[in-house]
Amino acid sequence: MQKGRSSLPVRWAEYYTRHPAIEGLVKAIPWGIGGAAHGFILELAKHVPLPDDLNTVAKYLAAAELLDKELDNDLLRQFRSFRQDHSEDQLDVYGALLRNKMTQHSVTLEKLSQFLNDTAVTAIRNSGPLQPSLNIKCGPMVGDRFSYVEFQANDQTLLSLNDAPLLWDCNGLTKDYEVRNGVARSDFPCPVHDGLHGAELNRRFNGDHVSIEHDGVRVLWRNHPNLWPPSIDTMNMADDIRQSGLLNEPIRTVLDLGCGTGFLGIWFAKSNPEVRAVFFADWLVGPLAYSAINASENLPDEYKKRGYLLGLNTQWENLGIAPPRTFDLIVCNPPYLPDLGVPEILKESTVMGTVLLNHVLSIAPNKSKRVVVSFSDIVIEETMKHASEVGVRLLPLLRDVEHEVPYRVRPSLENRSHIDKMVSQGRLKEHPDRAHLFWHKVATYEVVKA
């Protein structure tokens, strides 16, 4: 073993010697994957004393932004550089580098745990909820759409949209697409940007923090490539869960896997009075930080315990209360976009790839009594095939309910090769007569043993 690797735990050291290609990756990237994660922890320890100096939500979120900057590009880029069929290699590289950097710098996860638990609660208690740059209020779901979406700032309504198919109903990403069926994309005005306050809305949405409210839950979010907001998929999934009756069942422990802002886990815990503990899991620290502050604001009841789990898929570092061996319910709204032989697409965003979706199917019977996932029909064939291979079935949570929604994923829409393959393979439907050109169907499923 090479000099400098002696601090690795034995099993990770053995892994390096068995996998020279991965050792080459580690050599080539000094900070590497785990280095990005622990770079953040080191910066946090050096520059952000905890918890005394983070006694307001604004200061907490400033620290969370530091996490994002330390984690996002290196961590995402390096993991997405692996092919999806090497997902186990991803897990081992992540674990090896994470532990190696911690050992080298004598860094523990205690401060991070304190940040997500005590500091988040203290910030909310001391300063109350943050007043965001923009507040987005989403009305109840009616069919596949929001009954209304209102954009407010400084007690003024800047825009109100009825029957909105998206939370951010912008169709500008396909404006430069060629004419189809005699209809130019520029013929369709943008509901968001072409209004009186379009420029101000864009500045506020892409600048400082935004709050998103729906069905009694308010979450903070900031426009960042690695922090996906609660989307139309999330809200449709929540509505499907409500209609299925799951909110009336005796579910005590919930895991929001791939948590993002934490909306799904918070919403379920707040809507089902039987829930006693909700856990949030993600492979990035930034989403956990936002889940923590959002959970602290929305779930003040002490009997609603909260736990945070950092790691790829379900190999976690426990940051707080220990998770149960088996959850009562896992909810997961995972990425579901296939690369289709366009490898660079996987490096662009956390919404690319199907690794988490496939992993949920693989571990479902062992990790939770019930597992509910939502994904698009653009990957239905390969997902059903994978489910069969791992011995599970995907049953629609609501019979004959699919949600037709606009396809608005920037990295994909800006890559014509990817879009052309999606259309030619029948994964996306074109509707030249609509404001949004591409559409797909998303449904909610329960994962059960075959």
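For clarity, every value in this text was computed on a predicted model and none was experimentally measured.

Novice: Explanation requested: the overall build of the chain in the structure shown.
Specialist: When helices and strands are counted, the chain shows 14 helices and 16 strands. For the chain, with 450 residues in total, the buried portion stands at 58%. Of the contacts formed within the chain by residues at least 6 apart in sequence, a portion of 72% connects residues at least 24 apart.

Novice: Whenever I open this one, helix 8 (residues 232-244) confuses me. Can you help?
Specialist: A turn of α-helix holds 3.6 residues, and therefore any two residues three or four places apart point the same way. For helix 8, spanning 13 residues, the distance from its first C-alpha to its last is 18 Å, which sits close to the expected 18 Å at 1.5 Å a residue. For helix 8, the tally of buried residues reaches ten of 13 residues, placing the bulk of the element in the interior. Buried residues of helix 8: I232, D233, T234, M235, N236, M237, A238, D239, D240 and I241, and no others.

Novice: What exactly am I supposed to notice about unusual backbone geometry here?
Specialist: With the exception of glycine, the majority of residues adopt a negative phi angle, and the majority of peptide bonds are in the trans configuration. Despite not being glycine, D163 has its phi angle at roughly 55°, a positive value. One can find D163 in strand 4 (residues 156-164). Residue classification places D163 among the partly exposed residues on the basis of a relative accessible area of 46%. Backbone geometry at D215 places phi at a positive 50°, although glycine is not the residue there. Along the chain, the position of D215 falls in the loop between strand 5 (210-214) and strand 6 (217-221).

Novice: What's the story with the nonpolar core in this structure? I'm lost.
Specialist: For soluble globular proteins, nonpolar side chains are generally found buried alongside one another. Judged by nonpolar contacts, the single largest core of 119 residues is most densely connected at Y60, L116, I136, I241, F268 and Y407. With seven residues, the single largest contributor to this core is helix 10 (residues 285-298). Non-local contacts of F268, meaning those with residues more than four positions away in its chain, are made with I241, L246, L247, I251, V254, V275 and L329.

Novice: Help me understand the environment of L428, please; the structure alone is not making it clear to me.
Specialist: Mapped onto the elements of the fold, L428 is located in the loop between helix 14 (416-424) and strand 15 (429-430). Take L428: its relative accessible area is 3%, and that puts it in the buried class.

Novice: For this particular structure, what's the right way to read the pairing of strand 1 (residues 134-138)?
Specialist: Consecutive side chains of a regular strand alternate in pointing toward one face of the sheet and then the other. The element strand 1 is extensively covered by neighbouring structure, given that four of its five residues are classed as buried. Pairing of strand 1 with strand 5, which is carried by five bridges, proceeds in the parallel orientation. Looking at the pairing, N135 lines up with S211 of strand 5. Both strand 1 and strand 3 (residues 145-153) contribute to a ladder of four bridges, which runs antiparallel. The residue of strand 3 that forms the bridge with K137 is E150.

Calculation notes
- Residues numbered from 1 in each chain as written.
- Predicted model: local features only at pLDDT ≥ 70, side-chain atom pairs only at ≥ 80, totals over all residues.
- Heavy atoms only, no water.
- Helix = DSSP H or I, 4+ residues; strand = E, 2+ residues; numbered from the N terminus.
- Buried < 20%, exposed > 50% of the residue type's maximum accessible area, 1.4 Å probe, protein only.
- Contact = heavy atoms within 4.5 Å.
- Expected span 1.5 Å × (residues − 1).
- Core = buried A, V, L, I, M, F, W, Y, C linked by side-chain atoms within 4.5 Å.
- Pairing = 2+ DSSP bridges.

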